Amino acid sequence: MVLLHVLFEHAVGYALLALKEVEEISLLQPQVEESVLNLGKFHNIVRLVAFCPFASSQVALENANAVSEGVVHEDLRLLLETHLPSKKKKVLLGVGDPKIGAAIQEELGYNCQTGGVIAEILRGVRLHFHNLVKGLTDLSACKAQLGLGHSYSRAKVKFNVNRVDNMIIQSISLLDQLDKDINTFSMRVREWYGYHFPELVKIINDNATYCRLAQFIGNRRELNEEKLEKLEELTMDGAKAKAILDASRSSMGMDISAIDLINIESFSSRVVSLSEYRQSLHTYLRSKMSQVAPSLSALIGEAVGARLIAHAGSLTNLAKYPASTVQILGAEKALFRALKTRGNTPKYGLIFHSTFIGRAAAKNKGRISRYLANKCSIASRIDCFSEVPTSVFGEKLREQVEERLSFYETGEIPRKNLDVMKEAMVQAEEAAAEITRKLEKQEKKRLKKEKKRLAALALASSENSSSTPEECEETSEKPKKKKKQKPQEVPQENGMEDPSIPFSKPKKKKSFSKEELMSSDLEETAGSTSLPKRKKSSPKEETVNDPEEAGHRSGSKKKRKFSKEEPVSSGPEEAAGKSSSKKKKKFHKASQED
């Protein structure tokens, strides 16, 4: 008995389904075909074994890319290893894509089958998937499919290898369209302004120059010798400028009104702006071709190379074409007409616009076009598949075409292709090394600029963020410093052993010296009885000091209060103070002398 499992990939996740056991898988096909449209019958044949939903849309896109490229994703590997039986020989896994089936068989060892009954089962699973999985509705499944489809398409467009060719294709198409439009508009200006100044058409042949002159001259009767210098600048030819001036004096044209001249000048300015834009577009196309296909542009020219790329659809498609197809590219109508009428097939298509075929003789045009198509095919392949495209091979191939052209004319034998390619390889390696060195320097400069910019931004942000907390810290530190300084200054001024106190304030010194003398007299006379008296006076002094510190008063006020409060605190000791006043004066003089 063979147990058949089917792997179904959906936008919401992977589903692994099991079918009923049969001796041969082919016997299931008629039963499946009958029960595909009926959900009840389909449930009897197919049952859901495991469902692994995707965690996010990004994971779904990664799994979709892996399945399309034939790579086994880790989520798929985990699902199959977890839920498939361990005996791999008895298991047959049905998949819809042969690429992913081959990858599973190679990496995991399970036998895989595609087509036949598997396709019918997957058709039924796709129809009834929202009923097989619990919690999944038809609307949510459709939304998931739509979102995954958009993201998958966006990713494919984003990583398109031919996306650079699109700019060349659009540029050359716009360039051809501009040439047609400028030619048509210039003919309109010639016809319109020719009613007033018909002789100017014969003198000036260039369309853009004619439009500039029509815009500058305006009314021919106002043209005089003063405008001759400006005419020479526009025509870049003194003889033509003199001829225009002479023709304006004897012109046969009709007079024209001012409003008509205004319209002609405005239309001429539009044509001039279009011709200037055409020149800038041609410059852009040349720079783009030198980046994308330098060898092809060096060999055959930017315009012809861009037309070949545009006609082929991309540089990759042009590189896939054989030389015989490149030779007649652009002459399909003539080719099929010749095949239909059994006439001569065309010898060249778009490559006819190159200079080589025009320089060749009539009998050698077919031969040189065939040789040039061969070299164009080689150059396009080099440009398409080289990592660092350079113009070295294109220049060498151009030299070969020149030698072949001279061989047809003079019979001079050209160099062998092997020798030319060896020289080209050596030069190409040197040029590629130089290009990579320049690119590395540019990258280093860019990284340095980016680092400097980021450092400046970080410094500015840090300054902005640190300015506010620093201001807050300064404002909070200022009152703290004042609180700390005041109590430190008070004991220094009131202390007995501070030698740094200046003698410029005699009043404060007298007030403090009285205290010192009082304490010394009490110690000598009262002895042990002076101790409790000092204890009684100390709380009074502390109570005086505390409100002074809380109110943040100045030191001078404190000293004045001390001097006033001394007689109050020494009230019970007035007798001892009077009797020892003479001794105090002596001690005071002694302290000043010390």
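Scroll up to find the structure.
Just so you know, these numbers come straight off a predicted model, no measurement behind them. (Residues numbered from 1 in each chain as written. Predicted model: local features only at pLDDT ≥ 70, side-chain atom pairs only at ≥ 80, totals over all residues. Heavy atoms only, no water.)

Draft legend 1. Summary view of the overall build of the protein. Summing up its helical and strand segments, the protein has 28 helices and five strands in all. Per-residue burial over the protein gives 34% buried out of 594 residues. With an accessible surface of roughly 36800 Å², the protein has 54% of that area assigned to carbon and sulfur atoms. (Helix = DSSP H or I, 4+ residues; strand = E, 2+ residues; numbered from the N terminus. Buried < 20%, exposed > 50% of the residue type's maximum accessible area, 1.4 Å probe, protein only. Areas by Shrake-Rupley, 256 points an atom, 1.4 Å probe, with all protein chains shown as cover.)

Draft legend 2. Fine view of the pattern of salt bridges. This structure, assessed with the given rule, holds 18 salt bridges. The salt bridge partner of Glu107 is Arg77, with a shortest N-O separation of 2.7 Å. Of this pair, Glu107 sits in helix 5 (residues 98–107) while Arg77 sits in helix 4 (residues 74–83), and the two are 30 residues apart along the sequence. Judged by its relative accessible area of 22%, Arg77 is partly exposed. The partner of Glu443 in a salt bridge is Arg446, with the nearest N and O atoms 2.5 Å apart. In this pair, Glu443 and Arg446 are both assigned in helix 23 (residues 417–494), three residues apart and thus about one turn of the helix distant. Classification of Glu443 by relative accessible area gives partly exposed; the value is 35%. Note on Arg446: relative accessible area 44%, which makes it partly exposed. Members of the salt-bridge network, linked through shared partners, are Lys396, Glu399, Glu403, Arg415 and Glu423. (Salt bridge = Lys/Arg side-chain N within 4 Å of Asp/Glu carboxyl O.)

Draft legend 3. Looking closely at the packing of helix 21 (residues 365–385) against helix 22 (residues 392–410). Between helix 21 and helix 22, the least distance of the axes is 10 Å, while the angle of their chain directions is 170°. As far as their axial angle goes, helix 22 and helix 21 are roughly antiparallel. Here Arg367, Ile368, Tyr371, Leu372, Lys375, Ile378, Ala379 and Ile382 of helix 21 come into contact with helix 22, specifically with Phe393, Leu397, Gln400, Val401, Arg404, Leu405 and Tyr408. Across the contact of helix 21 with helix 22, the residue classes break down as 11 nonpolar, one polar and three charged. (Axes fitted to C-alpha atoms, helices over the stretch in contact; angles between N-to-C directions. Parallel < 35°, antiparallel > 145°, perpendicular 65-115°, else oblique. Contact = heavy atoms within 4.5 Å. Nonpolar A, V, L, I, M, F, W, Y, C, P; charged D, E, K, R; others polar.)

Draft legend 4. Structural detail: the pairing of strand 1 (residues 3–9). For strand 1, the tally of buried residues reaches five of seven residues, placing the bulk of the element in the interior. As judged from the four bridges shared by strand 1 and strand 4 (residues 91–94), these two strands associate in the parallel manner. If you follow Leu3 over to strand 4, its bridge partner there is Val91. Where strand 1 and strand 2 (residues 13–19) come together, five bridges link them in antiparallel fashion. (Pairing = 2+ DSSP bridges.)

Draft legend 5. Molecular detail of the sheet that holds strand 1. Spatially, the five strands line up as an open sheet ordered 3-2-1-4-5, and their pairing is mixed. Of all strands in the sheet, those with a lone pairing partner are strand 3 (46–53) and strand 5 (111–113), marking the two edges. Within this sheet the neighbouring strands show an average axis-to-axis angle of 25°, counted without direction. For strand 4 and strand 5, the ladder comprises three bridges, and the chain directions are parallel. Of the residues in strand 5, the one forming a bridge with Leu93 is Cys112. Each of strand 1, strand 4 and strand 5 touches helix 5; the most contacted strand, strand 5, lies at about 170° to it.

Draft legend 6. Summary view of a nonpolar patch on the surface. Where nonpolar side chains cluster on the molecular surface, the patch consists of Trp192, Tyr195 and Met254 and spans about 330 Å² of accessible area. Along the chain, Tyr195 falls in the loop between helix 9 (163–194) and helix 10 (199–203). (Patch = residues over 30% accessible without salt bridge, like charges linked within 9 Å, V, L, I, M, F, W, Y side chains within 5 Å.)

Draft legend 7. Up close: unusual backbone geometry. Backbone geometry at Met236 places phi at a positive 55°, although glycine is not the residue there. Mapped onto the secondary structure, Met236 falls in the loop between helix 12 (228–235) and helix 13 (238–249). Notably, Arg342 is not glycine yet its phi reads approximately 60°, a positive angle. For Arg342, the location among the structural elements is in the loop between helix 19 (332–341) and helix 20 (355–359). On the basis of relative accessibility, which here comes to 78%, the residue Arg342 falls in the exposed class.

Draft legend 8. Just the environment of Gly330, in detail. Note that Gly330 resides in the loop between helix 18 (323–327) and helix 19. What makes Gly330 partly exposed here is its relative accessible area of 38%. Every residue in contact with Gly330, bar those within four places of it in the chain, is listed here: His311 and Leu350.

Draft legend 9. Quick peek at the nonpolar core. Among the nonpolar cores identified, the biggest contains 43 residues, and Leu296, Leu299, Ile300, Ile309, Leu318 and Leu372 are the most heavily contacted of them. In terms of domain composition, this core takes at least three residues from each of domain 2 (164–279) and domain 3 (292–433). The residues touching Ile300, leaving out its near neighbours within four places in the chain, are Gly305, Leu308, Ile351, Ser354, Leu372, Cys376 and Arg398. Formed by 24 residues, the second largest nonpolar core is a distinct cluster that contains Leu93, Ile100, Ala103 and Leu108. (Core = buried A, V, L, I, M, F, W, Y, C linked by side-chain atoms within 4.5 Å. Domains from an automatic or database assignment.)

Draft legend 10. Focus on a positive patch on the surface. Residues Lys438, Lys441, Lys444, Lys445, Lys448, Lys449, Lys451 and Lys452 make up a contiguous surface patch of positive charge. Positionally, Lys444 belongs in helix 23. Relative accessible area serves as the criterion here: at 56%, Lys444 is assigned to the exposed category. (Lys, Arg positive; Asp, Glu negative; His and termini not counted. Charge placed at Lys NZ, Arg CZ, Asp CG, Glu CD.)

Draft legend 11. Broad picture of the side chain of Thr390. With respect to the helices and strands, Thr390 occurs in the loop between helix 21 and helix 22. Residue Thr390 is classed as buried on the basis of its relative accessible area of 9%. Every residue in contact with Thr390, bar those within four places of it in the chain, is listed here: Pro294, Ser295, Asp383, Ala428, Ala431, Ala432 and Ile435.

Draft legend 12. Region of interest: the packing of helix 11 (residues 207–217) against helix 14 (residues 258–292). Where helix 11 meets helix 14, the closest approach of the two axes is 9 Å, and the angle between their N-to-C directions is 145°. In this structure, helix 11 meets helix 14 at a crossing whose hand is left-handed. Here Ala208, Cys211, Arg212, Ala214 and Gln215 of helix 11 lie close against helix 14, whose contacting residues are Glu265, Ser268, Ser269, Val271, Val272, Ser275 and Glu276. Considered class by class, the residues forming the contact of helix 11 with helix 14 number five nonpolar, four polar and three charged. (Left-handed = near helix turned anticlockwise from the far one by under 90°.)

Draft legend 13. Representation of the pairing of strand 4. Burial along strand 4 is two-sided: Val91 and Leu93 and Leu92 and Gly94, pointing in opposite directions, are all buried. Between the parallel elements strand 4 and strand 5, the chain passes through helix 5 in a crossover that is right-handed. (Right-handed = clockwise from strand over helix to strand, strands pointing away.)

Draft legend 14. Looking closely at the environment of Val271. Residue placement: Val271 occurs in helix 14. On the basis of relative accessible area, Val271 is assigned to the buried category, the value being 2%. Sequence separation between Val271 and Val189 is 82 residues; the distance between their C-alpha atoms is 8.7 Å. In this structure, Val271 is in contact with Phe185, Ser186, Val189 and Cys211, ignoring residues within four places of it in sequence.

Draft legend 15. Fine view of the packing of aromatic side chains. Taken as a whole and assessed by the stated rule, the structure comprises eight aromatic pairs. An aromatic cluster of three or more residues is present, and its members are Phe8, Phe51 and Phe129. Above the face of the Tyr210 ring, Arg190 is positioned so that its terminal group lies 4.7 Å from the ring centre. Geometry around Phe216 places Lys227 over its ring, the cationic atom sitting 5.9 Å from the centre. (Phe/Tyr/Trp six-rings, centres within 6.5 Å; stacked < 30°, edge-to-face > 60°. Lys NZ or Arg CZ within 6 Å of the ring centre and 35° of its normal.)

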